[in-house]
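One letter stands for each residue in the lines below.
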Amino acid sequence: MAGGGFAAAAGSGVEFEAKITPIVILSCIMAATGGLMFGYDVGISGGVTSMQPFLKKFFPVVYRMTNDTNLNSNYCKYDNQGLQLFTSSLYLAGLTATFFASYTTRTLGRRLTMLMASVFFLIGVAFNAAAQDLAMLIIGRILLGCGVGFANQAVPLFLSEIAPTRIRGGLNILFQLNVTIGILFANLVNYGTDKIKGGWGWRVSLGLAGVPALLLFFGSLLVTDTPNSLIERGKLEEGKAVLRKIRGTDNIEPEYLELVEASRVAKLVKHPFRNLLLRRNRPPLVIAIALQIFQQFTGINAIMFYAPVLFNTLGFGGNASLYSAVVIGAVNVLSTLVSIYSVDKVGRRVLLLEAGVQMFLAQVVIAVILGIKVKDHSSNLGHGYAILVVVMVCTFVSSFAWSWGPLGWLIPSESFPLETRSAGQSVTVCVNLLFTFVIAQAFLSMLCHLKFAIFLFFSAWVLLMSFLVLFLLPETKKIPIEEMTERVWKRHWFWKRFMDDDEYVGIEINGSDAKKNGHA
């Protein structure tokens, strides 16, 4: 995730003295609430859009289509731009909010940005839970999107800066783990609220999104800002005191001096986005953008957003479709644990390549089954084939959850040099939210027109991205961030041609432009 500012690491891979203190434990809770907030909203959308009372109130056209036995195609039951806008508007708002959040994280601090995220989210929840018409519903989603944009900027940055070096990677993926827990929680809520008599269960589903937002709100009031942020804003003594508190030791001088130096160097770079376009910075930029685009074109969010709707389309009953979504959510959580355990043991490339094979085969099998068994006017899957489809979807989700899910964020966060790290992370978040919006807005229409071939479409992308990983993605396992340029990009068979030593980065010092080597 992106953020304004910097994250310092020990020079030459040295680890500073630090204990796992109570405030670090509290930061883990912060990760949980920020991730839960985002994940719950991803999971809740597909559930409520499959509930008949919700459709009847806000999308009567879709309601009539889902109950029309003479509809020209089973695949087109939910093909409605308004319904897709309900889901996708959040991500478009998040994309816009990212630019403002990058500024607030740098100038106001990580803590206040997280507080702002929770306020946006709480107001959005109130609009959605009390919605009387579609306009009120969309306004609520836009406010939720602002909250997601601010939280996705500030929370991971807060964690990376407050955690000791030895658990920083684990906390990075822990955020993704809690996104998956949020999705599972949303699926369980939908399964329960769908049984409420009276047609108001969807209000409970949307309203409970306030729980993780309240936790983030009160958590933001309790914690202090990170030493990095305080030092960056000129509060050196306060930053030093906080560093001593979170590290649980008085031996903080080496890390403190490193943070002060990192802040000084980061402030010298006046045009990080311009520097990002320089030739020597293209390798991490290209990889970061490609990972975000490919992450969405695996088809994962199409499945997570619309799992209940998708299973309804395939002929599952309402309760059965929600139950299947719960199973998928549970697989998602458990498989993310695999990534936390193995990412620093087997490496990034192995996980991505293995998952590519698994995702490709799963989607081809799903496409073949649907092509044979689900026609425009019949959905005679049968019990055995229905179970097989759920198993294949779970196979696909599990491989994504230990590869492209967490690694799509982890690899960009460790690839950029210090002088362009903030700008690079901002681009990463923006591209991800942009293509999340595209998939959310287009999936149901694509399902209507491509039918079972929608899974062949996504499997073709999986094949393409696996070849990109095989030939163009270097391994970053156990490489210190500050040594990434020398030990990774300059030694890669393809990217080393971009790493010319005579490439310069413009740095403005005392109001004038100076030329300085890219290591800044």
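Whatever comes next refers back to the structure up there.
Now for a quick tour of the structure. (Residues numbered from 1 in each chain as written. Predicted model: local features only at pLDDT ≥ 70, side-chain atom pairs only at ≥ 80, totals over all residues. Heavy atoms only, no water.)

## What to know about the overall build of the protein chain
Each helix and strand counted, the protein chain has 22 helices and 2 strands in total. When the 520 residues of the protein chain are sorted by exposure, 59% land in the buried category. Considering only intrachain contacts with a sequence separation of at least 6, the fraction spanning at least 24 residues in the protein chain is 80%. Counting only carbon and sulfur atoms, one obtains 66% of the accessible surface of the protein chain, whose full area is about 19600 Å². (Helix = DSSP H or I, 4+ residues; strand = E, 2+ residues; numbered from the N terminus. Buried < 20%, exposed > 50% of the residue type's maximum accessible area, 1.4 Å probe, protein only. Contact = heavy atoms within 4.5 Å. Areas by Shrake-Rupley, 256 points an atom, 1.4 Å probe, with all protein chains shown as cover.)

## A closer look at the packing of aromatic side chains
What the rule picks out here adds up to 21 aromatic pairs. Summarising the aromatic geometry, the rings of Phe54 and Trp202 are spaced 5.5 Å apart at their centres and angled 65° between planes, so their arrangement reads as edge-to-face. In this pair, Phe54 sits in helix 2 (residues 52-58) while Trp202 sits in helix 8 (residues 201-207), placing the two residues 148 residues apart along the sequence. The residues Phe54 and Trp202 share a single accessibility class, namely buried. Its end group placed over the ring of Phe86, Arg141 keeps NZ or CZ at 4.7 Å from the ring centre. (Phe/Tyr/Trp six-rings, centres within 6.5 Å; stacked < 30°, edge-to-face > 60°. Lys NZ or Arg CZ within 6 Å of the ring centre and 35° of its normal.)

## A few points about the packing of helix 4 (residues 81-107) against helix 5 (residues 110-129)
Remark: helix 4 packs on helix 5, axes separated minimally by 7 Å, with the N-to-C direction vectors making an angle of 140°. As the angle between them shows, helix 4 and helix 5 are arranged oblique. Along the contact surface, helix 4 presents Ala101, Thr104, Thr105 and Arg106, while helix 5 presents Arg110, Thr113 and Met116. (Axes fitted to C-alpha atoms, helices over the stretch in contact; angles between N-to-C directions. Parallel < 35°, antiparallel > 145°, perpendicular 65-115°, else oblique.)

## Structural notes on helix 9 (residues 210-222)
For helix 9, which comprises 13 residues, the first-to-last C-alpha distance of 18 Å matches the rise-based estimate of 18 Å (1.5 Å per residue) to within 8%. Listed in full, the buried residues belonging to helix 9 are Gly210, Pro212, Ala213, Leu216, Gly219 and Ser220. (Expected span 1.5 Å × (residues − 1).)

## Remarks on the packing of helix 14 (residues 282-297) against helix 19 (residues 404-413)
Where helix 14 meets helix 19, the closest approach of the two axes is 9 Å, and the angle between their N-to-C directions is 165°. Classified by the angle their axes make, helix 14 and helix 19 are roughly antiparallel. Considering the relative orientation of helix 14 and helix 19, their crossing is left-handed. Here Ile287, Ala288, Leu291, Gln292, Phe294 and Gln295 of helix 14 lie close against helix 19, whose contacting residues are Trp404, Gly405, Leu407, Gly408, Trp409, Ile411 and Pro412. In terms of residue class, the contact of helix 14 with helix 19 is built from 9 nonpolar, 4 polar and no charged. (Left-handed = near helix turned anticlockwise from the far one by under 90°. Nonpolar A, V, L, I, M, F, W, Y, C, P; charged D, E, K, R; others polar.)

## A short note on the pattern of salt bridges
One pass over the structure, following the stated rule, counts 4 salt bridges. Arg233 is the salt-bridge partner of Asp225, the closest N and O atoms lying 2.8 Å from each other. With its nearest N and O atoms 3.1 Å apart, the salt bridge here joins Lys240 to Glu253. With a gap of 13 residues between them, Lys240 in helix 11 (residues 236-247) and Glu253 in helix 12 (residues 253-268) connect regions that are remote in the sequence. Overall, the relative accessible area of 34% leaves Glu253 in the partly exposed class. (Salt bridge = Lys/Arg side-chain N within 4 Å of Asp/Glu carboxyl O.)

## Focus on the nonpolar core
Counting residues in each nonpolar core, the largest one holds 128 residues, and the members touching the most others are Val48, Phe54, Phe59, Phe121, Leu137 and Trp404. Residues within four places of Trp404 in sequence aside, it is in contact with Leu291, Phe294, Gln295, Thr298, Leu352, Met359, Met465 and Val469. (Core = buried A, V, L, I, M, F, W, Y, C linked by side-chain atoms within 4.5 Å.)

## Brief notes about a nonpolar patch on the surface
A cluster of nonpolar residues, Val365, Tyr385, Ile387, Leu388 and Val391, forms a patch on the protein surface that exposes about 380 Å² of accessible area. The dominant element in the nonpolar patch, judged by the number of residues it contributes, is helix 18 (residues 382-401), at 4 residues. One can find Tyr385 in helix 18. (Patch = residues over 30% accessible without salt bridge, like charges linked within 9 Å, V, L, I, M, F, W, Y side chains within 5 Å.)

## Details of helix 11
Between the first and last C-alpha of helix 11 there are 16 Å, a value that for 12 residues agrees with the 16 Å anticipated at 1.5 Å per step. Buried residues of helix 11: Gly239, Lys240, Val242, Leu243, Ile246 and Arg247, and no others. Buried residues of helix 11, viewed axially, fall in a sector of 165°; they line one side. Residues of helix 11 that are exposed and point over 90 degrees away from its buried face: Glu237 and Lys245. Gly248 occupies a position one or two residues after helix 11 and carries a positive phi of about 65°. (Arc of directions from axis to C-beta.)

## Concerning the environment of Gln81
Relative to the helices and strands, Gln81 resides in helix 4. Judged by its relative accessible area of 44%, Gln81 is partly exposed. It is 7.1 Å that separates the C-alpha atoms of Gln81 and Gln441, two residues lying 360 residues apart in sequence. When sequence neighbours within four positions are dropped, the list of residues in contact with Gln81 reads Gln441 and Ser445. Here the side chain of Gln81 touches Ser445 through a polar contact of 3.0 Å, side chain to side chain. (Polar contact = N/O pair within 3.5 Å; in protein donor to acceptor, adjacent residues only side chain to side chain.)

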